[in-house]
Amino acid sequence: MTHQQPPQAQKRAPFAVRLALAVWIVAEAAAFFGLAYLIGFGYTLMIFIGTSFLGIALIQYVGAKSFRAARDYLNSGGDPSRELPNGYALAGAFCLIIPGFVTDLIGLLLLFPPTRFVFRGLGRWIAARTPVMRFGGDVIDGEVIDERSADDMRTGERDYTDAPFPDDEPRRYDNGPRSIDQGP
């Protein structure tokens, strides 16, 4: 007899993550409406869309440059565990793509080398505090004897998805071509 555990309730994000997300959304909305009040809705919308296109252009340029630099660095025998030379610029270009003025400001700060030092320290602090994620669990060696599920075995129902259909049983899954013409 096998023992089945009840389904686990979905885990919620930590309170700090939910609070940060709420603060970010409120800050983005406040920045958008504040700028719309100052310069008008049309100009705000043009800036809003323009920074996304700027981010797309920059991510292509910075991404290609970063890829070439990483390839040259690794080909010269560099340590792959070190950070990539243009990683912060790539993150800045990505932040410009995300709609919102707060993320645009962060993206612009990441693009300029003199202001990256703030994010380097923050990135190292976050990396040091992030717990190690382990995926998987107990591994049980075994052999599959019957592929039918326990529910099918208990109810006596048969799974018709892979088995051939005998003539006396109805077809439940007909995946063949069907005509959409109903005829005369």
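Residues numbered from 1 in each chain as written. Predicted model: local features only at pLDDT ≥ 70, side-chain atom pairs only at ≥ 80, totals over all residues. Heavy atoms only, no water.

Caption draft 1: Looking closely at the overall build of the protein chain. The helix and strand tally for the protein chain stands at 6 helices and 0 strands. Each helix (α) and strand (β) of the protein chain, taken in turn from the N terminus, gives the series α-α-α-α-α-α. When each of the 184 residues of the protein chain is scored for burial, the buried share is 16%. Summarising the internal contacts of the protein chain: among those between residues at least 6 apart in sequence, 46% fall at separations of at least 24. (Helix = DSSP H or I, 4+ residues; strand = E, 2+ residues; numbered from the N terminus. Buried < 20%, exposed > 50% of the residue type's maximum accessible area, 1.4 Å probe, protein only. Contact = heavy atoms within 4.5 Å.)

Caption draft 2: Spotlight on the side chain of T51. With respect to the helices and strands, T51 occurs in helix 2 (residues 41–75). Once you skip the residues sitting within four places of it in the chain, T51 turns out to touch L96 and D104.

Caption draft 3: Highlighting the environment of G34. Turning to its location among the elements, G34 is positioned in helix 1 (residues 15–39). With a relative accessible area of 31%, G34 lands in the partly exposed category. Sequence separation between G34 and T44 is 10 residues; the distance between their C-alpha atoms is 9.5 Å.

Caption draft 4: Inspection of the confidence of the model for the protein chain at higher detail. For the protein chain, the average pLDDT comes to 77, and 67% of its residues sit at 70 or higher. Looking over the protein chain, one finds the lowest element-wise mean pLDDT in helix 6 (residues 150–155), namely 56, and the highest in helix 1, namely 93. (pLDDT = per-residue confidence, 0-100.)

Caption draft 5: Representation of a nonpolar patch on the surface within the structure. Among the surface-exposed residues, Y37, L38, I39, Y43, M46 and I47 lie close enough to one another that they form a single nonpolar patch of about 730 Å² accessible area. Elements with a contribution of two residues or more to the nonpolar patch: helix 1 and helix 2. Among the secondary structure elements, Y37 is positioned in helix 1. (Patch = residues over 30% accessible without salt bridge, like charges linked within 9 Å, V, L, I, M, F, W, Y side chains within 5 Å. Areas by Shrake-Rupley, 256 points an atom, 1.4 Å probe, with all protein chains shown as cover. Salt bridge = Lys/Arg side-chain N within 4 Å of Asp/Glu carboxyl O.)

Caption draft 6: Spotlight on helix 4 (residues 101–111). For helix 4, the set of buried residues is F101, T103, D104, G107, L110 and L111. Residues of helix 4 that are buried in the fold lie against helix 1, helix 2, helix 3 (87–97) and helix 5 (116–129).

Caption draft 7: Representation of the packing of helix 1 against helix 4 in the model. Where helix 1 contacts helix 4, the axes come no closer than 7 Å and their chain directions differ by 95°. Taken as axis vectors, helix 1 and helix 4 run roughly perpendicular relative to one another. Of the residues in helix 4, those in contact with W24, A27, E28, A31, F32 and L35 of helix 1 are F101, V102 and T103. Of the residues contributing to the contact of helix 1 with helix 4, the split by class is 7 nonpolar, 1 polar and 1 charged. (Axes fitted to C-alpha atoms, helices over the stretch in contact; angles between N-to-C directions. Parallel < 35°, antiparallel > 145°, perpendicular 65-115°, else oblique. Nonpolar A, V, L, I, M, F, W, Y, C, P; charged D, E, K, R; others polar.)

Caption draft 8: Region of the structure containing the packing of aromatic side chains. For the coordinates displayed, the defined rule picks out 5 aromatic pairs. Arranged with centres 5.5 Å apart and planes meeting at 85°, the rings of F32 and F33 form a pair that is edge-to-face. For F32, a relative accessible area of 13% puts it in the buried group. Put simply, the rings of F32, F33, F41, F48 and F101 touch in pairs and so form one group of aromatic residues. (Phe/Tyr/Trp six-rings, centres within 6.5 Å; stacked < 30°, edge-to-face > 60°.)

Caption draft 9: Representation of the environment of Q60. Looking at the element boundaries, Q60 is found in helix 2. For Q60, a relative accessible area of 57% translates into the label exposed. As for Q60 and L90, which are separated by 30 residues in sequence, their C-alpha atoms are 9.1 Å apart.

Caption draft 10: Region of the structure containing the packing of helix 2 against helix 3. Contact geometry of helix 2 with helix 3 gives a least axis separation of 7 Å together with a crossing angle of 155°. Classified by the angle their axes make, helix 2 and helix 3 are roughly antiparallel. Of the two elements, helix 2 crosses helix 3, and the hand of that crossing is left-handed. Judged by residue contacts, T51, S52, L54, G55, I56, L58, I59, V62 and G63 of helix 2 engage A89, L90, A93, F94, L96 and I97 from helix 3. The class makeup of the residues in the contact of helix 2 with helix 3 is 11 nonpolar, 4 polar and no charged. (Left-handed = near helix turned anticlockwise from the far one by under 90°.)

Caption draft 11: Spatial organisation of helix 3. Looking at helix 3, one finds that the buried residues are Y88, A89, G92, A93, C95 and L96. Buried residues of helix 3 fall within an arc of 155° about the axis and therefore sit on the same side. In this structure, the buried side of helix 3 is in contact with helix 2, helix 4 and helix 5. (Arc of directions from axis to C-beta.)

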